Amino acid sequence: MRTFPAILVLLCLCVPMAAWSQVNNELITQASHNDTERAEQADPLNSPVWHYLRARFLGESPYQFDDRVVVSVPPFAEDPTQVPLLVDVSAIDEPLLRLVVWADLNPIQHIYSVESADRHLPRIAIRFKVQQATPVRAAVLTESGKWLVGGQYLEAAGGGCTAPSMANASPYWESHLGEIESRSFERAMNSGRSSQRYKVKIIHPMDTGLVSGIPEFYIQQLEVRRPDQAAILSMELSQPVSENPVFTFDMSSASVTAQDRYKLWMRDNNGNVFEQAL
Amino acid sequence: MAIKQAAGRFLGVICCLFWVSTVATASSLSYELTPRLIAKDTWLLQGKLEDFSRDNGANIVNTAFIVTSEGVVVIDSGPSKRYAQAFRSAIASVTDQPVTDVFITHHHPDHFLGNQAFSDVNIWALPTTGRLIAEQGNVFAENMYRLAGDWMRGTEVLMPNKPLEQTAMTIGDHRFRFLSLEGHTGADLAILDETTGTLFAGDLVFYQRALTTPHTPGIDQWLTDLDKLAALEVALIVPGHGPVDAKGKSIEQMRAYLVWLDKTLTQAAFEGLSMNEVMKIPTEPEFADIALTQYEFIRTVFHLYAGYEEAAF
Ligand SMILES: [Zn+2]
């Protein structure tokens, strides 16, 4: 990809500074009227920007931290351009309207949001880019209008010999943009029910726009559609989703019937549309 | 209030960084290198079975030297300028012979960032290793400053000055054979001192310390290289990390782990596992005594799993 890894690493030093000043300005206006009513739950991850981001992503709706919203990230970001992130809300036994996932201290915090037609959110795994150590959050909106929030702290200090791969500097994607590979797998779920896992990879640079001279260029929308074009799953993606994204969705077998032939539909911010039968 | 908290935390981080470096400066950072005779004329400086840190000054690597009749031959220069200066004092403590030649086994920072202390002698490396140091050396050095702090002070990348194209060389009363291999980084030099039967395997061999994979061209390649090393007539193996081995057990351990890795990642990809799920796979009990196995396994999943996934689509 064109976001040269070394540059990304250097960005760790400068980009978050800009993000901080922006955060602080907005906090000044908010802090005053929030302080009184927000004696409720303390953020278990102790993030300095929790209230700011909560207000931004969840609005003023009620929320609570809930262990059933499982955010799984590795203990450290060995490759900050490809950090695996799995969100599992299958332990919540009620209809869910929307899932929002973000990283508190990324310069662009939002990673993705998702809604599903049958209000059952699949287990979703993706990879994303991280600028520095940060809490990673997922929040689901229940039918009763309450957000349930889970999170995990991601260490991004790296280890020895950790310079990211230089292969990313190759212009491979230019002639392969939008090429999709997909495969499905039968999976047994913890509950004993079985599910269908779809794994999809698409060639796309997913440029953030944060590297000077390289405009943002990323997939913004993803839908899993039925043969009649109705979307059973809709995702909004943001710039932190990794280059050449790999998505894994576990759809419960209840929503997957034999005659269904799902189609994957994606659109990037330049208006390119990519489609493939699953 | 939230603002103060945020700003306070941020300042805290900055102050913390300064504090660490001040403390580090105040105490004298000393590597305490004590050479140990492991074969005739052959001395080892064994590193810790740890990851880079501000406690160990990145001294996690094995370096060695051979006192020949015409000068001292050094295998790898170590992780920092300060280390390599201590290295030269350690050499001077056992011989009056001058250092004449340094061989760099590969381009990882703990093996070549001591080059500055050897700027007056031949520094040999495979041509590809030289190219890789030119490309990635500065990024590695920055990373090492971050991980090891003030131990790194004054350390800069110094390029090897002699491309190694020979496959053998006689220095004084020692005859050296060179194997140009690839499994660990794409350019890995193994050095056999035929005079003593000592094999300096570089990071092609780790022993009792989990192997690292950030630049491996693939497990297949690495296994092929191990076959080549196993076929040599050898009395003692000096791994890049971990204790010396006179029985070939280090190569067996490497093989067993690499085969397990390959099988585990292949099967995981075939079953459609996500990276997060693979990282949670426990490593086999037979590898329990190897330092840092679960940690390095997670790193390896980062490095290699996408390739296995790709093959399973
Ligand atoms: Zn190495």
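Attention here is on the structure that accompanies the text. Predicted, not measured: the structure shown is a model, and the values here were computed from it. (Residues numbered from 1 in each chain as written. Chains lettered and ligands numbered in written order. Predicted model: local features only at pLDDT ≥ 70, side-chain atom pairs only at ≥ 80, totals over all residues. Heavy atoms only, no water.)

On to the overall build of chain A, then. Counting secondary structure elements, chain A contains 2 helices and 15 strands. Counting all 278 residues of chain A, 56% fall into the buried class. If you take every contact in chain A between residues at least 6 apart in sequence, the share linking residues at least 24 apart comes to 66%. (Helix = DSSP H or I, 4+ residues; strand = E, 2+ residues; numbered from the N terminus. Buried < 20%, exposed > 50% of the residue type's maximum accessible area, 1.4 Å probe, protein only. Contact = heavy atoms within 4.5 Å.)

Right, let's talk about the overall build of chain B for a bit. Of regular secondary structure, chain B possesses 8 helices and 12 strands. Relative to the compact-globule value of 20 Å for 313 residues, chain B shows a C-alpha radius of gyration of 21 Å, a close match. Considering only C-alpha atoms, chain B reaches an extent of 70 × 50 × 35 Å along its principal axes. The proportion of buried residues among the 313 residues of chain B is 57%. Long-range contacts, defined here as pairs at least 24 residues apart, represent 67% of the contacts in chain B between residues at least 6 apart. Surface summary for chain B: the accessible area is close to 12,700 Å², and the carbon and sulfur share equals 55%. One way to put it: in chain B the 23 positive side-chain charges average out to a point 6 Å from where the 37 negative ones average out. (Rg over C-alpha atoms; globule rule 2.2 N^0.38 Å. Areas by Shrake-Rupley, 256 points an atom, 1.4 Å probe, with all protein chains shown as cover. Lys, Arg positive; Asp, Glu negative; His and termini not counted. Charge placed at Lys NZ, Arg CZ, Asp CG, Glu CD.)

For the rest of this paragraph, the subject is the coordination of the zinc ion. Within the protein, His106 of chain B (NE2), His108 of chain B (ND1), His184 of chain B (NE2) and Asp203 of chain B (OD) serve as the donor atoms for the zinc ion, at 2.1 to 2.2 Å. Coordination at the zinc ion is irregular: its 4 donor atoms span angles of 87 to 168° at the metal. (Donors = N, O, S within 2.8 Å, 3.2 Å for Na, K, Ca; no water. Tetrahedral: all angles 85-135°; square planar, octahedral: opposite > 155°, others 65-115°.)

Turning next to the packing of aromatic side chains. Per the counting criterion, the structure on display carries 20 aromatic pairs over all chains. A centroid spacing of 4.7 Å and a plane angle of 25° characterise the contact between Phe57 of chain A and Trp102 of chain A, whose relative ring orientation is stacked. Of the two residues, Phe57 of chain A sits in helix α2 (residues 50-58) while Trp102 of chain A sits in strand β4 (residues 96-103), which places them 45 residues apart along the sequence. There is no split in this pair, since Phe57 of chain A and Trp102 of chain A are both buried. Among the aromatic residues, those joined into a cluster by ring pairs are Tyr31, Trp43, Phe65, Tyr83, Phe87, Phe118 and Trp151 of chain B. The cationic tip of Arg225 of chain A hangs over the ring face of Trp265 of chain A; the distance from NZ or CZ to the ring centre is 4.3 Å. Above the plane of the ring of Trp124 of chain B lies Lys162 of chain B, whose end atom (NZ or CZ) is 6.0 Å from the centre. (Phe/Tyr/Trp six-rings, centres within 6.5 Å; stacked < 30°, edge-to-face > 60°. Lys NZ or Arg CZ within 6 Å of the ring centre and 35° of its normal.)

Residue and element names in this part refer to chain A. Taken together, the 9 strands give an open sheet; going across it, the order is β1-β8-β7-β4-β5-β12-β11-β14-β15, and neighbouring strands pair in mixed fashion. Edge positions in the sheet fall to β1 (63-65) and β15 (273-277), since each has one partner strand and no second. Within this sheet the neighbouring strands show an average axis-to-axis angle of 15°, counted without direction. As paired strands, strand β5 (residues 110-116) and strand β12 (residues 231-237) are joined by 5 bridges and run antiparallel to one another. Bridge pairing in β12 links Tyr112 to Leu237. (Pairing = 2+ DSSP bridges. Axes fitted to C-alpha atoms, helices over the stretch in contact; angles between N-to-C directions.)

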